[in-house]
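Residues per chain are reported as follows:
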Amino acid sequence: MSDRDSSARRRRRMKVDQQVASPRGSAVVQRNFVDADVTPEKVSKGTPLEDIIKKYDQPPNNEDMERVDKNSHALMILPFKFDPSLPNVEPGPINYEMGYSDRWEKNYVRMPCSLYYTFKNNQPVWLTIREDLGQLKKKCDAKLATFQDLKATIMRCAGNNYDTYCLEVLITRMYAPEEHIHFMSTVLSNICDLALNVNIFCSRSPPLLLAGNNHSVTMSQRQAASLLACAFFSLFPYRSDREPNDGQKNFQDPNFIKLYQYGPSQKIEKLRCILHYFQRITKRMPSGVITFQRFSLPESEHPNWSKSKAELSHIHLTMSDKIEDIDGVLQVDFANRYIGGGVLSAGCVQEEIRFCICPEMLVSLLICEKMEPNECIFLIGCERYASYKGYAESFQFDGNYKDNTPKDNWGRKWCHVVAMDAICFPDPRSQYNMKNIDRDLLKAYTSFYPQDTKKKGNACSGIATGSWGCGVFNGDRQVKAIIQLMAASAAGRPLIYASYLDKKLVKSFFEVHQYLWNQKAEVRDLYQYLQRYCGQPDRRESLFEYILRKPISSLKS
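Residues numbered from 1 in each chain as written. Predicted model: local features only at pLDDT ≥ 70, side-chain atom pairs only at ≥ 80, totals over all residues. Heavy atoms only, no water.

### Describing the confidence of the model for the chain
Part 1 of the argument: Looking at the chain as a whole, its pLDDT mean stands at 91, while 90% of the residues score no less than 70.
Part 2 of the argument: Below a pLDDT of 50 lies the segment residues 1–36, which in the model reaches 76 contacts outside its immediate sequence neighbourhood of four places, other chains included. (pLDDT = per-residue confidence, 0-100. Contact = heavy atoms within 4.5 Å.)

Structural data, given as structure tokens:
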């Protein structure tokens, strides 16, 4: 093949369709997206947003960290209480004076610094990693490090010869000369430091958040940075496809090596977001706290939808706001059951974008097993570092973002995100099977369920969501809107529906909500609408059209 043919082939490859992850980052084709760069029209309907937000404490006041149940909540930091008058005070690692607590066990992260992580000759791999990172750091500090030095270090740490095309393009071609010099000296030196000292910053192995368990992990932002520095060098063992391990097969690979490999341009833009995070924490390490919480809804709490007399929730609809821009509410991550989806491969839709602009969320890939239908994962306190524009194949890093979100009494940003995965429908017709409706109802209710049971039925924060499970998962936007309205109503929480740039959905959903509200509809009525609509052999009208044509009184017949 000639050089010209090879170049043309590379150009064609860079134009491949955007992909998003299904299990373990495998891909399905992305399609049918609106132009996310269009200036949104200011259209909103329903209950005013400020009325929903002001009904809930901002930020909420939690019980003291010292009082949490240690059996269900692992603290990687000493009990800490945030003092707004001393915003830069940072929590220390737990058991710091006792040294690193090594847990090379199935319920814990297999850490690269573990003495049980060995070569075939029983020599610890960590000794070699320390030597490699130490040598790279010396070159960085002397301003002598090249990209080839970085690549060689990653190859030795990852244990294989990988393609690093996207990383190389970003650092050697896209960075301005001064940014290139700053990264290869100051920033990269700090990443080396964070990885080299992971056994000091993280004085214990983080526990895994396993399926079927209600469990939480709380850590400092510095500890998260140290874990992400290890992922930058692809240090975590037994998590890649090349290192099969039955105990890790239901987990994502948290290492960055796949993101470095050749692919569409949005992979480079995602890397820009993540490396911008490292630039920011090099300039000033954040001093806050973050929590990852797995929640499994017990069967005793599963709703009986056909009998639920819950009244409909208040609703606010907007086409001008994105979910991540609505503060003071629970924000929904349209997740893959393997949390993070294709964030570390070619995926670049709602979940992947959120994880790139808030890279501390990437720690969840390290500790969270895939989700079951009655499970969700909360990501609490993760800071946002980057702005962006575009979506999917048009996604681009758009500079720094200053996150001024207030902190709660634990020192966590008042940013609560819930990861909830919808069913993917390769054949869109299968979503009208009531078994699949029931599954997504359970998933949405699990995610909206008030975590403080004392507040159930009282004032709970609103939920910011949108067209969950639509797009590449082929969900019906109107069916998903009704499903989420039912789940929010059953949980007693107001719904904020951010249907970005979709003016038609905002207006039609508002019309349907008003129609149902005026008839004093209950959740069981909406369930009956779904049963009857989905039971039709030929659906020639939309769900909203069907509802507007049939008053609730007709459901009794």
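### Some remarks on the layout of surface pockets
Part 1 of the argument: Counted as a void, the largest pocket has a volume near 1,100 Å³.
Part 2 of the argument: Asn-62, Gln-293, Arg-412, Gln-451 and Asp-452 are the residues nearest the centre of the largest pocket, which is lined by 35 residues in total.
Part 3 of the argument: Elements supplying a minimum of two residues to the lining of the largest pocket: strand E5 (215–220), strand E6 (289–296) and strand E9 (375–380).
Part 4 of the argument: By residue number, the principal contributor to the lining of the largest pocket is E6, which donates four residues.
Part 5 of the argument: In terms of residue class, the lining of the largest pocket is made up of twelve nonpolar, 14 polar and nine charged. (1 Å grid on protein atoms, 1.4 Å probe; cavity = no way out; pocket = protein on both sides within 12 Å on 5 of 7 lines; lining within 4 Å. Points joined across faces, edges and corners; volume = space filled by probe spheres on them. Helix = DSSP H or I, 4+ residues; strand = E, 2+ residues; numbered from the N terminus. Nonpolar A, V, L, I, M, F, W, Y, C, P; charged D, E, K, R; others polar.)

### Some thoughts on empty space enclosed by the protein
Part 1 of the argument: Tallied over the entire structure, the rule returns two cavities of 30 Å³ or more.
Part 2 of the argument: In this structure, the second largest cavity occupies an estimated 60 Å³ of space.
Part 3 of the argument: Within the residue set of the lining of the second largest cavity, elements represented by two or more residues are helix H8 (221–232) and helix H12 (363–367).

### A look at the sheet that holds E9
Part 1 of the argument: Spatial ordering of the open sheet is given by E3-E7-E14-E13-E8-E12-E9-E6-E5-E4, a layout of ten strands whose pairing is mixed. Where the open sheet ends on each side, the last strands, each with one partner, are strand E3 (44–46) and strand E4 (73–75). Each strand of the sheet is rotated relative to its neighbour by a mean of 20°, with strand direction disregarded.
Part 2 of the argument: Inspection of the sheet shows E9 paired to strand E12 (residues 416–421) by four bridges, in the antiparallel sense. Each residue of the ladder has a partner; that of Ile-377, found in E12, is Ala-419.
Part 3 of the argument: The strands touched by helix H13 (residues 434–448) are E6, strand E8 (330–335), E9, E12 and strand E13 (463–465); relative to E12, the strand with the most contacts, the crossing angle is about 165°. (Pairing = 2+ DSSP bridges. Axes fitted to C-alpha atoms, helices over the stretch in contact; angles between N-to-C directions.)

### A short note on the packing of aromatic side chains
Part 1 of the argument: Scanning all chains against the criterion turns up 19 aromatic pairs.
Part 2 of the argument: Aromatic side chains Phe-232 and Tyr-260 sit 6.0 Å apart centroid to centroid with 70° between the ring planes, which places their arrangement in the edge-to-face category. Here Tyr-260 lies in helix H9 (residues 257–260) and Phe-232 lies in helix H8, a separation of 28 residues in the sequence.
Part 3 of the argument: Seen in terms of ring centroids, Phe-509 and Phe-544 are 5.7 Å apart; in terms of plane orientation they differ by 20°. Their pairing is stacked. Of the two residues, Phe-509 is situated in helix H15 (residues 503–518) and Phe-544 in helix H17 (residues 543–549); the sequence distance between them amounts to 35 residues.
Part 4 of the argument: Look at Phe-509 and you get buried, because its relative accessible area is 0%.
Part 5 of the argument: Aromatic rings pair up to connect Phe-232, Phe-233, Tyr-260, Tyr-277, Phe-278 and Tyr-385 into one cluster.
Part 6 of the argument: Lying over the aromatic face of Tyr-401, Arg-384 brings its terminal NZ or CZ to 4.0 Å of the ring centre. (Phe/Tyr/Trp six-rings, centres within 6.5 Å; stacked < 30°, edge-to-face > 60°. Buried < 20%, exposed > 50% of the residue type's maximum accessible area, 1.4 Å probe, protein only. Lys NZ or Arg CZ within 6 Å of the ring centre and 35° of its normal.)

### Re the nonpolar core
Part 1 of the argument: In this structure, Leu-150, Phe-183, Phe-232, Phe-233, Phe-256 and Phe-278 are the most contacted members of the largest nonpolar core, which totals 98 residues.
Part 2 of the argument: If near-sequence neighbours (up to four positions away) are discounted, Phe-256 is found in contact with Leu-228, Ala-231, Phe-232, Ser-234, Ile-274, Phe-278, Leu-344 and Leu-362.
Part 3 of the argument: Formed by 69 residues, the second largest nonpolar core is a distinct cluster that contains Phe-448, Val-506, Phe-509 and Leu-526. (Core = buried A, V, L, I, M, F, W, Y, C linked by side-chain atoms within 4.5 Å.)

### Focus: the packing of H8 against helix H10 (residues 265–283)
Part 1 of the argument: The geometry of H8 relative to H10 is characterised by a closest axis approach of 12 Å and an angle of 135° between their N-to-C directions. It follows from the interaxial angle that H8 and H10 lie oblique. Note that H8 runs across H10; the crossing there is left-handed. The segment H8 lies against H10, with Gln-221, Ala-224, Ala-225, Leu-228, Ala-229 and Phe-232 engaging Leu-275, Tyr-277, Phe-278 and Ile-281.
Part 2 of the argument: Broken down by class, the residue content of the contact of H8 with H10 amounts to nine nonpolar, one polar and no charged. (Parallel < 35°, antiparallel > 145°, perpendicular 65-115°, else oblique. Left-handed = near helix turned anticlockwise from the far one by under 90°.)

### Examining unusual backbone geometry
Glycine aside, a negative phi is what most residues show, and trans is what most peptide bonds show.
Part 1 of the argument: Backbone geometry at Ser-234 places phi at a positive 55°, although glycine is not the residue there.
Part 2 of the argument: Along the chain, Ser-234 falls in the loop between H8 and H9.
Part 3 of the argument: The phi angle at Lys-520 is positive, at roughly 55°, despite the residue not being glycine.
Part 4 of the argument: Mapped onto the fold, Lys-520 is located in the loop between H15 and helix H16 (523–534).

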